[in-house]
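# Coordinate inspection notes
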Amino acid sequence: MGQALGCFQVDQSNVAIKEHFGKFDDVLEPGCHCLPWCLGFQIAGSLSLRVQQLDVRCETKTKDNVFVTVVASVQYRAVAEKASDAFYRLTNTREQIQSYVFDVIRASVPKLELDSVFEQKNDIAKAVEEELEKAMSTYGYEIVQTLIVDIEPDVNVKRAMNEINAAARLRLAANEKAEAEKILQIKKAEGEAESKYLSGLGIARQRQAIVDGLRDSVLAFSENVPGTTAKDVMDMVLVTQYFDTMKEIGASSKSSSVFIPHGPGAVKDIAVQIRDGLLQASASQIPN
């Protein structure tokens with residue numbers, strides 16, 4: 001009804017292209033405009049000034065002969081001051097942008113190996129943006145942003161990359177485990193050495209205490225019982241120790257069978273052996 005009365009409305013963030021008998025006449029801003037169609041004026045079409053996005057999937061090959069699919073996201077918009085160029089000079093804006101993206105990606109990626117493509121995707125996006133900005137500004141479009149949103153190698157290549165990464169991590173884990181076991185063994189050996197050292201100190205102190213106790217016992221017995229010699233006291237002490245040992249062996253539930261001479265004469269033999277050992281030790285310490 002508005003067009004029949006010669007009025008036309010342009011929505012916000014849009015512009016309309018007015019023609020006079022098929023020739024470009026003016027760019028209409030948002031609002032209401034008088035358009036006397038009877039005088040040859042008409043609306044050729046409208047153009048959105050909003051930012052638009054185009055996702056482009058481009059398959060190409062890297063320097064190390066790996067096929068990848070690069071997904072580029074291009075954000076663009078028409079420039080209001082060049083609305084006539086944007087409307088008349090391009091038939092299909094999206095296909096034009098896609099062609100430039102293909103050209104830049106297929107010129108950049110084959111120079112790089114696969115790992116470098118992932119590392120330098122920002123450089124690839126910048127190269128695409130610069131080329132698009134230079135080309136599309138002539139047609140009245142502004143490139144707002146260009147992003148490389150995804151790089152998809154072949155499925156088999158992705159699997160191989162994951163296996164390589166997994167193998168490297170397993171090797172690192174094995175090294176760390178071996179190092180930990182080495183540390184445990186070293187600490188265990190140090191602990192055993194310290195334990196044996198302390199055990200040796202304890203045994204030495206125990207033997208020293210036994211010797212001191214026997215000496216005191218011999219001296220006290222000799223003083224209290226006149227006429228006894230040190231040999232008599234030692235024989236009695238050995239007999240006492242012999243029976244104490246037999247008692248402990250018999251009382252222990254975990255002891256094994258032990259076959260030793262158990263007659264009184266065996267005690268005498270043991271005493272003789274001990275005295276002989278002491279005399280030989282004393283004789284070896286006398287200087288020649």
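Let us look at the structure shown here. (Residues numbered from 1 in each chain as written. Predicted model: local features only at pLDDT ≥ 70, side-chain atom pairs only at ≥ 80, totals over all residues. Heavy atoms only, no water.)

## Regarding the side chain of N14
- Within the element layout of this structure, N14 appears in strand β2 (residues 14–20).
- Residue classification places N14 among the buried positions, given a relative accessible area of 15%.
- From its side chain, N14 meets the backbone oxygen of Q12 in a polar contact 2.9 Å long.
- Beyond its immediate sequence surroundings of up to four residues, N14 is in contact with L28, P30, L47, S48, L49 and R50. (Helix = DSSP H or I, 4+ residues; strand = E, 2+ residues; numbered from the N terminus. Buried < 20%, exposed > 50% of the residue type's maximum accessible area, 1.4 Å probe, protein only. Polar contact = N/O pair within 3.5 Å; in protein donor to acceptor, adjacent residues only side chain to side chain. Contact = heavy atoms within 4.5 Å.)

## Looking at the sheet that holds strand β3 (residues 23–28)
- Within the open sheet, the three strands sit side by side as β3-β2-β5. Their pairing is antiparallel. Whereas interior strands pair on both sides, the edge strands pair on one side only; in this sheet they are β3 and β5 (41–48). Taken pair by pair, the neighbouring strands of this sheet meet at an average axis angle of 30°, ignoring direction.
- Here β2 runs beside β3; their pairing, made up of five bridges, is antiparallel. (Pairing = 2+ DSSP bridges. Axes fitted to C-alpha atoms, helices over the stretch in contact; angles between N-to-C directions.)

## Some details on the sheet that holds strand β6 (residues 52–61)
- Reading across the sheet, the three strands line up as β6-β7-β8 and stay open at both edges, with antiparallel pairing between neighbours. With partners counted over all chains shown, the strands left at the sheet margins are β6 and β8 (141–153), one partner each. Adjacent strand axes in the sheet meet at a mean angle of 20°, parallel and antiparallel pairs treated alike.
- As judged from the eleven bridges shared by strand β7 (residues 67–78) and β8, these two strands associate in the antiparallel manner. Within β8, the residue paired with A72 across the bridge is I148.
- Relative to the sheet, helix α2 (residues 93–108) contacts β6, β7 and β8, its axis offset from that of β6 by approximately 35°.

## Topic: the nonpolar core
- Ranked by size, the top nonpolar core spans 35 residues in total, and within it I97, V101, I105, L132, M136 and Y141 carry the most contacts.
- The greatest single-element share of this core, amounting to six residues, is contributed by β7.
- Residues within four places of I105 in sequence aside, it is in contact with C58, T60, V70, A72, P110 and V128. (Core = buried A, V, L, I, M, F, W, Y, C linked by side-chain atoms within 4.5 Å.)

## Some points on the packing of aromatic side chains
- Tallied over the full model, the rule gives three aromatic pairs.
- A ring pair is formed by F24 and Y88, whose centres lie 5.9 Å apart and whose planes are at 80°; its orientation type is edge-to-face. A residue pair is termed long-range when its members are at least 10 positions apart, and F24 in strand β3 and Y88 in helix α1 (residues 83–88) qualify at 64 residues.
- Ring geometry for F87 against Y88: centres 5.0 Å apart, planes inclined by 85°, an arrangement best described as edge-to-face.
- Pairwise contacts between aromatic rings join F24, F87 and Y88 into one cluster. (Phe/Tyr/Trp six-rings, centres within 6.5 Å; stacked < 30°, edge-to-face > 60°.)

## A short note on the pattern of salt bridges
- In the structure shown here, the tally under the stated rule is five salt bridges.
- The closest approach of N and O atoms between R57 and E152, which form a salt bridge, is 3.0 Å. You can see R57 sitting in strand β6 and its partner E152 sitting in strand β8, a full 95 residues away along the chain.
- A salt bridge links K187 to E190; the shortest N-O distance between them is 4.0 Å. Of this pair, K187 and E190 are both found in helix α5 (residues 155–224), three residues apart, which corresponds to roughly one turn of the helix.
- With relative accessibility at 45%, the residue E190 sits in the partly exposed group. (Salt bridge = Lys/Arg side-chain N within 4 Å of Asp/Glu carboxyl O.)

## A look at the side chain of T69
- On the secondary structure map, T69 appears in strand β7.
- Among residues more than four places away in sequence, those in contact with T69 are R57, C58, E59, D150, I151 and E152.

## Looking at unusual backbone geometry
- The phi torsion at S13 lies on the positive side, around 65°, for a residue other than glycine.
- In this structure, S13 sits in the loop between β1 (7–10) and β2.
- Notably, F21 is not glycine yet its phi reads approximately 55°, a positive angle.
- Within the secondary structure, F21 is located in the loop between β2 and β3.
- A relative accessible area of 65% places F21 in the exposed class.

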